[in-house]
Amino acid sequence: MKKICAANWKLNFSPEEARRYFAEWSALRPANLSCDVLFFTPAYDLTVAAEFAPAEGFHFGPQNIYFETSGAFTGEISARAVHSLGARWALIGHSERRTLFGETDDVIAKKVKTAISSDLAPMLCVGETLAEREAGQTKNIVARQVRAGLGRVVTETASHTLAIAYEPVWAIGTGRVATPQQAGDVHAEIRRILSDLLSPPRAHEIAILYGGSVKPDNAKDLASQPDIDGFLVGGASLKPKDFFAIADAL
Ligand code: 13P
């Protein structure tokens, strides 16, 4: 399986700033990156990503979609429309969507289904809070989120590209990164759940990314874990140089 280095820009960069970013990316890009690169940008930057993607060889997608693809849903993002712009991935169920915008497992499951029917590869985000970790609930929480997110699309996922991003909520934007051992343990558990839900061969084709304070100086140690197949990077993806250094560790 090819590893994936994904950027989550969150609510950063206007289209003009996005264009400057990709110009810098293009100038700095090393020829020998061995992983796939994805950018999850704000919706209004997707057309800018689409301009650069073919020559730069990356994929891109939105940070969220709605589970309906058209109609009276003010302010939402259509999976079908972003696909028509060239997006091939969609980030779904990020912890900021779950906690700040009230997304439930049920809503997230519907979004995963819509992504697949719109020919977007879903990257399903899962992860426990600090209180849940301290209560010894990490594996239960992650198992619930993976099973709920994929439970309705077991047949479709047999042949559709998807990925899981494990992002412990306590490590996001805090500078407090999971140790390679902590992350590796949860990734191995996610692989086990995928084997059970889908099949062992299929589970080994699905990339499981780690996210949460990934930086150039901790990426190598995390990448050495056998079940860590990539990174989902927030803050450090905002500087092309740092994002390259992280991608280079994979
Ligand atoms: P940071 O890399 O800023 O901790 O963010 C992680 C994240 O939420 C990526 O989706």
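What comes next is a walk through the structure. Quantities reported herein were computed from a predicted structural model and do not represent experimental measurements. (Residues numbered from 1 in each chain as written. Predicted model: local features only at pLDDT ≥ 70, side-chain atom pairs only at ≥ 80, totals over all residues. Heavy atoms only, no water.)

What to know about the pairing of strand β3 (residues 59-62)
- In this sheet, β3 lies alongside strand β2 (residues 36-41) in parallel orientation, the contact comprising 4 bridges. Its bridge partner being in β3, T41 is matched across the sheet by P62.
- What joins β2 to β3 is helix α2 (residues 46-56), and the crossover it makes is right-handed. (Pairing = 2+ DSSP bridges. Helix = DSSP H or I, 4+ residues; strand = E, 2+ residues; numbered from the N terminus. Right-handed = clockwise from strand over helix to strand, strands pointing away.)

With respect to the layout of surface pockets
- Volume-wise, the largest pocket comes out at about 420 Å³.
- What lines the largest pocket is a set of 18 residues, among which L11, Q63, N64, R97 and F101 lie closest to the centre.
- Considered class by class, the residues forming the lining of the largest pocket number 8 nonpolar, 6 polar and 4 charged. (1 Å grid on protein atoms, 1.4 Å probe; cavity = no way out; pocket = protein on both sides within 12 Å on 5 of 7 lines; lining within 4 Å. Points joined across faces, edges and corners; volume = space filled by probe spheres on them. Nonpolar A, V, L, I, M, F, W, Y, C, P; charged D, E, K, R; others polar.)

A few points about the site of the ligand
- Around the ligand, the structure places N8, K10, H94, E167, A171, I172, G173, G212, S213, L232, G234 and G235.
- K10 places a side-chain nitrogen or oxygen 2.8 Å from an oxygen atom of the ligand.
- In this structure, an oxygen atom belonging to the ligand sits 3.0 Å away from a side-chain N or O atom of E167.
- The fraction of the free accessible surface of the ligand (310 Å²) that becomes covered by protein chains is 96%.
- Its residues assigned to classes, the shell around the ligand comprises 3 nonpolar, 7 polar and 2 charged. (Near = heavy atom within 4 Å. Polar contact = N/O pair within 3.5 Å; in protein donor to acceptor, adjacent residues only side chain to side chain. Areas by Shrake-Rupley, 256 points an atom, 1.4 Å probe, with all protein chains shown as cover.)

Quick word on the sheet that holds strand β8 (residues 230-233)
- Taking strand neighbours across the sheet as the criterion, the 8 strands line up as β3-β2-β1-β8-β7-β6-β5-β4 in an open arrangement whose pairing is parallel. In this open sheet, the two strands that pair with only one neighbour each are β3 and β4 (89-92). Pairwise comparison of adjacent strand axes, ignoring direction, gives a mean angle of 25° for this sheet.
- Across the sheet, helix α7 (residues 138-150) touches β5 (121-126) and β6 (163-166), and the angle it forms with β5 is around 155°. (Axes fitted to C-alpha atoms, helices over the stretch in contact; angles between N-to-C directions. Contact = heavy atoms within 4.5 Å.)

Description of the pattern of salt bridges
- Counted by the stated rule, this structure contains 17 salt bridges.
- The closest approach of N and O atoms between R191 and D227, which form a salt bridge, is 3.0 Å. Remark: D227 occurs in the loop between α10 (219-223) and β8 and R191 occurs in helix α8 (residues 180-197); sequence separation between them is 36 residues. Of the two residues, R191 and D227, both sit in the buried class.
- Between R202 and E205 there is a salt bridge; the shortest N-O distance is 2.7 Å.
- Of the residues examined, R202 reaches a relative accessible area of 12% and is grouped as buried.
- Salt bridges sharing common partners tie together R97, E103 and K111. (Salt bridge = Lys/Arg side-chain N within 4 Å of Asp/Glu carboxyl O. Buried < 20%, exposed > 50% of the residue type's maximum accessible area, 1.4 Å probe, protein only.)

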